[in-house]
Amino acid sequence: MVDLSRRQLFRGRVTAVTPQQRMPWQVNEAQFTDQCSRCEACLVACPEQIVVKGDGGFPALDFQRGECSFCQACVKACPQPVFRPVSEPAWQQAATLEAGCLAAQGVMCRSCQDSCEPEAIVFPPRRAAISQPEIHTDLCTGCGACVSVCPSNAIAITSLEQEVRDARS
């Protein structure tokens, strides 16, 4: 998807749009941007300090700052109805490997595995070769712990629904 809005055009930014990482239990994007007052209560409440002011002043998560602990502080602090009940799953997303993974380039690296508490990232042994990471999306919580520790920025947190749509295309 390419953003051709006038605002982006005049800034010289006619590029592919990367959706911002939103908070756990957040309602759909349209409802969120319609009802979020941008009061920044969630930024202040986040003990991990990963909630930042994103595009348009809307809150977004920055996994380069750390991981989401699913503490629900953002949900509790928000005065607007922009979150689903915490009894529901936080979100449908998981870590994905992107180009630049050091292991894929023959360099021994297991930073992502070391930071993954649910052990969703594994490196099965390979004979006479560098083990390659495998992400078990059924175990991955999408917390982002693996993102900031990756020395080559080769991990992203993506929507599982988007992966299914991309696979069908």
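Summarised in this report is the structure supplied together with it. Quick caveat, the model's predicted, so the values are computed rather than measured.

Here we look at the pairing of strand 3 (residues 93–97)
Here strand 3 lies mainly inside the structure; four of its five residues are buried. In this structure, strand 3 lies alongside strand 6 (residues 155–159), joined through five bridges in antiparallel fashion. Bridge pairing in strand 6 places A94 opposite T158.

Considering the environment of A99
Relative to the elements of secondary structure, A99 occurs in the loop between strand 3 and helix 5 (111–115). Of the residues examined, A99 reaches a relative accessible area of 75% and is grouped as exposed. Separated by 55 residues in the primary sequence, A99 and A154 place their C-alpha atoms 6.0 Å from one another.

Section: the state of the cysteines
Within the structure shown, the criterion is met by zero disulfides. Here C46 is not cross-linked by a disulfide; its sulfur's nearest cysteine counterpart is in C71, at 6.0 Å. Owing to a relative accessible area of 10%, C46 belongs among the buried residues under this scheme. Of the cysteine sulfurs around C112, a residue in no disulfide, the closest is that of C109, at 6.4 Å. We classify C112 as buried; its relative accessible area is 8%.

Some remarks on unusual backbone geometry
Not every positive phi belongs to a glycine, and E40 is a case in point at roughly 75 degrees. Relative to the helices and strands, E40 is located in the loop between helix 2 (29–35) and helix 3 (41–45). The exposure class assigned to E40 is partly exposed, which follows from its relative accessible area of 29%. Even without glycine at this site, A128 takes up a positive phi of about 60 degrees. Counting through the fold element by element, A128 comes out in the loop between strand 4 (121–122) and strand 5 (134–135).

Overview of the nonpolar core
Most often, soluble globular proteins keep nonpolar side chains buried together rather than apart. By size, the foremost hydrophobic cluster in this structure holds 35 residues, and its most contacted members are M23, F32, L61, F63, F83, C146 and I155. At the level of secondary structure, the elements contributing two or more residues to this core comprise helix 4 (73–77), strand 3, helix 6 (145–149) and strand 6. In this view, M23 contacts F32, C42, V51, P59, L61, C74, F83 and W91; residues no more than four positions away in its chain are not counted.

What to know about the packing of aromatic side chains
Applying the stated criterion across every chain yields a total of three aromatic pairs. Between F32 and F58 the ring centres are 6.2 Å apart and the planes differ by 50 degrees, which places this aromatic pair in the tilted class. Taken together, the residues F32 in helix 2 and F58 in the loop between strand 1 (51–53) and strand 2 (59–61) connect sequence positions 26 residues apart. The exposure classification of F32 matches that of F58, with both residues buried. Judged by centre distance (5.5 Å) and plane angle (70 degrees), the rings of F70 and W91 are edge-to-face.

Examining the side chain of S115
Position of S115 relative to the elements: it lies in helix 5. Of the polar contacts made by the side chain of S115, one reaches the backbone oxygen of C112; its length is 3.1 Å. Aside from chain neighbours lying at most four places away, what touches S115 is A145, C146 and V149.

What to know about the side chain of S131
Among the secondary structure elements, S131 is positioned in the loop between strand 4 and strand 5. One polar contact links S131 to R110, side chain to side chain, over a distance of 3.3 Å. Within the structure, S131 has its side chain in polar contact with the backbone oxygen of P124 (distance 3.0 Å). Setting aside residues up to four positions removed in sequence, S131 forms contacts with A103, R110, F123, P124, P125 and R126.

Thresholds applied
- Residues numbered from 1 in each chain as written.
- Predicted model: local features only at pLDDT ≥ 70, side-chain atom pairs only at ≥ 80, totals over all residues.
- Heavy atoms only, no water.
- Buried < 20%, exposed > 50% of the residue type's maximum accessible area, 1.4 Å probe, protein only.
- Helix = DSSP H or I, 4+ residues; strand = E, 2+ residues; numbered from the N terminus.
- Pairing = 2+ DSSP bridges.
- Disulfide = S-S within 2.5 Å.
- Core = buried A, V, L, I, M, F, W, Y, C linked by side-chain atoms within 4.5 Å.
- Contact = heavy atoms within 4.5 Å.
- Phe/Tyr/Trp six-rings, centres within 6.5 Å; stacked < 30°, edge-to-face > 60°.
- Polar contact = N/O pair within 3.5 Å; in protein donor to acceptor, adjacent residues only side chain to side chain.

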